[in-house]
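Examination of the molecular architecture
Here is what each chain is made of, one letter per residue.
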Amino acid sequence: MSTTATSKNQRAVSAGGLTAIVDYAVSSHARAVAVLIVTALLAFLPGFFQIPPTDRDEARFAQASKQMLETGEYVDIHFQDEVRYKKPVGIYWLQVGVVKTASALGVRDAQTTIWLYRIPSLLGAIGAVLMTYWAALAFVSRRAAVLAGLMMATSILLGVEARLAKTDAVLLLTTTAAMGALARAYLADRRAVPSSGWALPAIFWTALGIGMLIKGPLIVMFVALAILAVGIADRSVKWLWALKPIPGVIWFCVLVLPWFLAIMGRAGNAFLAESVGQDLLSKIISVQEAHGAPPGYYLLLFWLTFWPGATLGLMALPGIWNARHEKGAKFLLAWIVPAWILLELVITKLPHYVLPLYPAIAILIAGVVDTRVLARQPWLVRGTGTWFFMPMLLGVGLVIASIVFSRQLGLLAWPFFVASMIFGLWAWRLYAADGAEYSLMRGFVAALLLSFGTYAFILPSLSTAFPSAAVAQMLREANCKNPVLAAAGYHEPSLVFLVGTDTKLVDGSDAADFLRAGGCRFALVEKGNERAFLRRAEQIGLRYSAPQRFDGYNYSAGRAISIGVYQAAENAP
């Protein structure tokens, strides 16, 4: 047998092995769900348990939930003594439920175990993958629906959100469920989407209510814009009656109003002023926390955040355009386009804001792949090189980060990065010979390998990026009971979460006064505050031990930091 023939046979075996997974999945809904769950777990679990609390949003959410557990106050939301009204209570209740269950089962130090607070996000991300599959079945074949679910499971952005104890993965789950039900109501005249009585209204209004409790009116915005766009295109929204709006609105109010009335009774207008005025409306007209960006930001980031599925985005566009008048494509475009335009115009931008639109994009791309109408222009086909260049650039960049921040080569991650590049190279170079589905499957494998190397090995090793974890470990090993800390300069929420709610966030002078009071007290002083600390210590005659030093990098502030942890001399070892 010739070398060329052998190479072709090997390539066919490789490609056939991957597509055999899809063949297995499409043989039944149960198998499709099993394949999607396994893929999602392979994508989301690496690093889930090892990565310390991240700043700032994750630690803020987790700390507010921890305070609910400490105080038994489940209506009001606080971060230390400050109210936290930017988001409704839903995600906090979910996190509290998980941690209370873990405590009851005997998990040690459950309240400061960050991965427990991440479980709602993990379940939300897995649920969003399954909801993408379910929603896709209203538009495309089961094979394409599986591909759409796999695109979501391996996408970079959802992989990030699945590992963060905040709202966005759960919001994605509720939004996809609501839009899937809405789509079925819209497409009810197609034989493939039968009417189901109360099932669709129950899914739609329940998802809408839970989404409202998770992140406020954002889910309503996504749904309303899609309805408006379809209504303008069709000049009718009579199909909405299939969702039984009168009892549905009543059920929505039953889900949402009790807590909103309770918090309004507790806080008055303060909740609306912060959640709607300061958090929502101010993001539209001004930059918050240095997160401003011009229009086009999300379009540029899409090629990274939705990789590896995004690689086929441009080639799928002509097929999507040609199908734009079909009911299914029309609905999916109504799901994406109005909300995308609005989010591009909003002044404050964060990558995850467009995440609820990605399931619709995945379904559109999967439908074009399934019908084999991808554009074949050479300049578009060259774009498949991102299957190789993305893991190459990210892998090399992460190894460099490991060398710079942890003085380690990250050798354990290298085999995964190299294997990811190999699969990405196959996906790119064999695209013309094997076609889009084979290459997309190789892209999925490349993404899983990249995820494993990144989250299981590189990020947990970046100890200098997580100084809060080092300080918390030092306090656990202190030679006194119930240590308390005052932090001057370094005020990251992860420190409060790991060290304790009673951690004082002060300046250098106040840190010296705090230490003077005696007892099992420590003062964490960032280098920029040390002069004030030492000056005040001299004024009050404070004797202190030589500090333990931690040098690291505060990625939230974007700068290197040097921290000294002081203890009064009479309490020092």
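Residues numbered from 1 in each chain as written. Predicted model: local features only at pLDDT ≥ 70, side-chain atom pairs only at ≥ 80, totals over all residues. Heavy atoms only, no water.

**Thoughts on the overall build of the protein chain**
- Of regular secondary structure, the protein chain possesses 25 helices and seven strands.
- In terms of C-alpha radius of gyration, the protein chain reaches 26 Å, essentially the compact-globule figure of 25 Å for 573 residues.
- Dimensions of the protein chain along its principal axes, counting C-alpha atoms only, are 80 × 70 × 45 Å.
- A burial count over the protein chain gives 54% of its 573 residues as buried.
- For the protein chain, long-range pairs separated by at least 24 residues make up 76% of all intrachain contacts whose partners lie at least 6 apart in sequence.
- Total accessible area on the protein chain stands at roughly 24,800 Å², and carbon and sulfur atoms take up 64% of it. (Helix = DSSP H or I, 4+ residues; strand = E, 2+ residues; numbered from the N terminus. Rg over C-alpha atoms; globule rule 2.2 N^0.38 Å. Buried < 20%, exposed > 50% of the residue type's maximum accessible area, 1.4 Å probe, protein only. Contact = heavy atoms within 4.5 Å. Areas by Shrake-Rupley, 256 points an atom, 1.4 Å probe, with all protein chains shown as cover.)

**Section: the state of the cysteines**
- Inspection of every chain in the model, using the stated rule, returns one disulfide.
- Across a sulfur-sulfur distance of 1.8 Å, C480 and C520 are joined as a disulfide pair. Measuring handedness by torsion sign, the sulfur bridge of C480 and C520 sits at about 55 degrees and is right-handed. Here the residue C480 occupies a position in the loop between α22 (467-476) and β3 (484-488), and C520 occupies one in the loop between α24 (508-516) and β5 (521-526), the gap between them amounting to 40 residues. (Disulfide = S-S within 2.5 Å.)

**So, the packing of aromatic side chains**
- All told, the structure shown has 28 aromatic pairs when counted by the stated rule.
- With a centroid separation of 5.5 Å and 20 degrees between ring planes, the pair formed by F302 and F306 is classed as stacked. Both residues of the pair, F302 and F306, count as buried.
- Ring geometry for F533 and Y566: centres 4.6 Å apart, planes at 40 degrees, overall tilted. You can see F533 sitting in helix α25 (residues 527-540) and its partner Y566 sitting in strand β7 (residues 559-567), a full 33 residues away along the chain. This pair shows no difference in class: F533 is buried, exactly as Y566 is.
- Just above the ring of Y455 sits the side chain of R163; from NZ or CZ to the centre is 3.6 Å.
- Over the aromatic face of F514 sits the side chain of R521, whose NZ or CZ is 4.3 Å from the ring centroid. (Phe/Tyr/Trp six-rings, centres within 6.5 Å; stacked < 30°, edge-to-face > 60°. Lys NZ or Arg CZ within 6 Å of the ring centre and 35° of its normal.)

**Considering the packing of helix α3 (residues 57-71) against helix α5 (residues 114-136)**
- Their axes nearest at 10 Å, the elements α3 and α5 cross at an angle of 105 degrees. Classified by the angle between their axes, α3 and α5 sit roughly perpendicular to one another. Where α3 abuts α5, its residues E58, A62, S65, K66 and L69 lie against I114, Y117 and R118.
- Tallied by class, the residues present in the contact of α3 with α5 amount to four nonpolar, one polar and three charged. (Axes fitted to C-alpha atoms, helices over the stretch in contact; angles between N-to-C directions. Parallel < 35°, antiparallel > 145°, perpendicular 65-115°, else oblique. Nonpolar A, V, L, I, M, F, W, Y, C, P; charged D, E, K, R; others polar.)

**Points about helix α18 (residues 386-406)**
- When the terminal C-alpha atoms of α18 are compared, their 29 Å separation across 21 residues agrees well with the 30 Å that a helix rising 1.5 Å per residue should span.
- Regarding α18, the residues found buried are W387, F388, M390, P391, G395, L398, V399, A401, S402 and S406.
- R407 lies just past α18 and shows a positive phi near 55 degrees. (Expected span 1.5 Å × (residues − 1).)

**Section: the packing of helix α13 (residues 297-305) against helix α15 (residues 327-345)**
- Direction vectors running N to C along α13 and α15 enclose 110 degrees, while the axes themselves pass 9 Å from each other. Considering their axes alone, α13 and α15 lie roughly perpendicular with respect to each other. Side by side, α13 and α15 meet where Y297, Y298, L299 and F302 of the first sit next to W340, L343 and E344 of the second.
- Considered class by class, the residues forming the contact of α13 with α15 number six nonpolar, no polar and one charged.

**Quick look at the nonpolar core**
- Membership of the largest hydrophobic core comes to 166 residues, with the highest contact counts inside it found for F44, F306, L312 and Y358.
- In terms of residue count, α5 provides more of this core than any other element does, 13 residues in total. (Core = buried A, V, L, I, M, F, W, Y, C linked by side-chain atoms within 4.5 Å.)

**With respect to the environment of L394**
- For L394, the location among the structural elements is in helix α18.
- Along the chain, L394 and W303 lie 91 residues apart, while their C-alpha atoms are 13 Å from each other.
- Those residues in contact with L394 that sit more than four places away from it in its chain are I156, L304 and L450.

**What to know about the pattern of salt bridges**
- As enumerated under the stated definition, the model contains 16 salt bridges in all.
- One salt bridge connects E73 with R266, and the closest N-O pair in it is separated by 2.8 Å. Separated by 193 residues along the polypeptide, E73 in the loop between α3 and β1 (78-79) and R266 in helix α11 (residues 245-267) bring together distant segments of the chain.
- The salt bridge involving D168 is made with K215; its shortest N-O contact spans 2.5 Å. Note that D168 is positioned in helix α8 (residues 168-186) and K215 in helix α9 (residues 199-215), a separation of 47 residues in sequence.
- The class for D168 is buried, based on a relative accessible area of 5%.
- Through salt bridges with shared partners, one network takes in E161, K166, D168 and K215. (Salt bridge = Lys/Arg side-chain N within 4 Å of Asp/Glu carboxyl O.)

**Considerations on the environment of G211**
- Following the sequence through the fold, G211 ends up in helix α9.
- Separated by 33 residues in sequence, G211 and A178 have C-alpha atoms that sit 9.1 Å apart.
- Once residues lying within four places of it in the same chain are set aside, the contact partners of G211 are L171, T174, G216 and I219.

**Regarding the confidence of the model for the protein chain**
- A residue-level look at the protein chain finds 92% of positions with pLDDT of 70 or above and a mean pLDDT of 92.
- Counting contacts from residues 5-10, a segment whose pLDDT is below 50, to residues more than four positions away or on other chains yields two contacts. (pLDDT = per-residue confidence, 0-100.)

**Brief notes about the sheet that holds β3**
- Read from one edge to the other, the open sheet built from five strands follows the order β4-β3-β5-β7-β6, with strand pairing classed as mixed. In this open sheet, the two edge strands, each paired with only one partner strand, are β4 (504-506) and β6 (548-554). Pairwise comparison of adjacent strand axes, ignoring direction, gives a mean angle of 25 degrees for this sheet.
- Bridging between β5 and β7 involves five bridges; their strand directions are antiparallel. Its bridge partner being in β7, L524 is matched across the sheet by V565.
- Packed on one face of the sheet, α22 meets β3, β5, β6 and β7 and runs near 155 degrees to β6.
- Sheet strands touched by α24: β3, β4, β5 and β7. Its angle to β5, the strand with the most contacts, is close to 165 degrees. (Pairing = 2+ DSSP bridges.)

**Examining the side chain of S562**
- Structurally, the position occupied by S562 is in strand β7.
- Side-chain polar atoms of S562 contact the side chain of R549, separated by 3.2 Å.
- A polar atom in the side chain of S562 sits 2.7 Å from the side chain of D551.
- The contact partners of S562, leaving out residues within four places of it in the chain, are V525, E526, K527, R549, F550 and D551. (Polar contact = N/O pair within 3.5 Å; in protein donor to acceptor, adjacent residues only side chain to side chain.)

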